Each structure stands twice: as structure tokens, then as C-alpha cells.
Amino acid sequence: PLSWVPAQQRAQQFHAVVDERQLVSVAEFEGDWSSRSGYEAGLQMPLDQGITAIVVANDQMALGVLKALKQRDLRVPQDISVIGFDDIAEAGYFEPALTTISNDFEGQGRMAMDALLTSIDPLRPRQVESSRDPVLIVRESTSAPA
């Protein structure tokens, strides 16, 4: 949902990359992080407009998109690529295995907790300096456009 800060940040980054690389975004759908919302969006996507890839804001919604594309007789990645976000434990076991962005949630959590504890006790030495940058995990759901 675009009312969530992480969804807003992911959308902003998506648009920044699309603009930077001079790509075209054909359509956008708002989900609720669930596989069902990804499935419903996948059924509505205007596939007659030359779409070569679908970028999904989380892996659960990507699972739903994969199911919808299969029902629409599209092969992933031969006909269209799908990429998710979060690298959930099951992402490598989707069919096909999902290309995704791995985020350092544990590192971000440590940084947030460290900032909270430091705000409570300003004399406390900082423990965590940073988390790692997001990492692209390439699996079977993406390929070069045909």
C-alpha cells in the first residue's frame, strides 16, 4: 500500500531507475504485500503493450504475479521477466526461482535499535555503523528481452 513508507521508497527508487535508464513504465498497480494482490494485478496487466519485465514490490506479491502470468499462458522468463524484493526464504523455491533484491533487514534493525538506545542514553557508545547495500539475487525468473 502506498500509505506505507517502504512502499513509497520502493516506488521512488523504481521511478528513479526507470528515468535514469530512459525506460518506460507501462502500468502500475497498488498491492497490499499479499500474493493475492500480486495475482490480481497480474491478471490486469496490459500485456499487449510490449512489457518485457514486471518489477514487484515484494516477493509475496511476485508469487501471485507468477501464477497470474501462467494462467495467461505466458512463460517466465522466456516471454516476460519477473523480479521481486526482499529475498524471502521461499524465493529460491518459486517456480521459476525468483530473481529478487536482498535487503539487509537484520542490519537495518540493528541500526534502528542502536539509534534508539543512543537516544535514551547519549553517553552510550554507538555499536552499529551501517548495514549492507541491497543485493540483486539473480535466479530463473529473469532473462534478456527477446
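Read on for a plain summary of the structure. (Residues numbered from 1 in each chain as written. Predicted model: local features only at pLDDT ≥ 70, side-chain atom pairs only at ≥ 80, totals over all residues. Heavy atoms only, no water.)

### Observations regarding the pattern of salt bridges
- Under the definition given, this model contains five salt bridges.
- Linking Asp 87 and Arg 139 is a salt bridge whose minimum nitrogen-to-oxygen distance equals 2.9 Å. In this pair, Asp 87 is assigned in the loop between strand 2 (81–85) and strand 3 (99–102) and Arg 139 in the segment after strand 4 (135–137), connecting sequence segments 52 residues apart. (Salt bridge = Lys/Arg side-chain N within 4 Å of Asp/Glu carboxyl O. Helix = DSSP H or I, 4+ residues; strand = E, 2+ residues; numbered from the N terminus.)

### Quick look at the pairing of strand 2
- Strand 2 sits mainly inside the fold: five of its five residues count as buried.
- Across the two faces of strand 2 the burial is the same, with Ser 81, Ile 83 and Phe 85 and Val 82 and Gly 84 all buried.
- When strand 1 (residues 53–55) meets strand 2, the two strands line up parallel, connected through three bridges. Looking at strand 2, one finds that Val 55 is bridged to Ile 83.
- Between the parallel elements strand 1 and strand 2, the chain passes through helix 3 (residues 59–71) in a crossover that is right-handed. (Buried < 20%, exposed > 50% of the residue type's maximum accessible area, 1.4 Å probe, protein only. Pairing = 2+ DSSP bridges. Right-handed = clockwise from strand over helix to strand, strands pointing away.)

### Some remarks on the nonpolar core
- Core analysis: the biggest nonpolar cluster contains 19 residues, and Ile 54, Val 56, Val 65, Leu 69 and Val 82 have the highest contact counts within it.
- Ranked by the residues each element gives to this core, the list is headed by helix 3, at five residues.
- Those residues in contact with Val 82, other than ones at most four positions away along the chain, are Ile 54, Val 56, Ala 62, Val 65, Leu 66, Leu 69, Val 76, Leu 98, Thr 99, Ser 141 and Thr 142. (Core = buried A, V, L, I, M, F, W, Y, C linked by side-chain atoms within 4.5 Å. Contact = heavy atoms within 4.5 Å.)

### Details of the environment of Ala 91
- Mapped onto the fold, Ala 91 is located in the loop between strand 2 and strand 3.
- Judged by its relative accessible area of 0%, Ala 91 falls in the buried class.
- Taking the C-alpha atoms as reference, Ala 91 lies 8.7 Å from Gln 60; in sequence the two are 31 residues apart.
- The contact partners of Ala 91, leaving out residues within four places of it in the chain, are Asp 59, Ala 97, Leu 98, Thr 100 and Arg 139.

### Some details on the sheet that holds strand 1
- Pairing within the open sheet is mixed, and its four strands lie in the order 1-2-3-4. Looking at strand neighbours, the two that pair on one side only are strand 1 and strand 4, the edges of this open sheet. Recorded for the sheet is a direction-independent mean angle of 20 degrees between the axes of neighbouring strands.
- Relative to strand 3, strand 2 is paired through three bridges, and the arrangement is parallel. Residue pairing for strand 3: Ile 83 is matched across the bridge by Thr 99.
- In the packing of helix 3 onto the sheet, the strands contacted are strand 1, strand 2 and strand 3, and the crossing angle to strand 2 comes to about 160 degrees. (Axes fitted to C-alpha atoms, helices over the stretch in contact; angles between N-to-C directions.)

Purely geometric stuff here, so don't read any function into it on its own.
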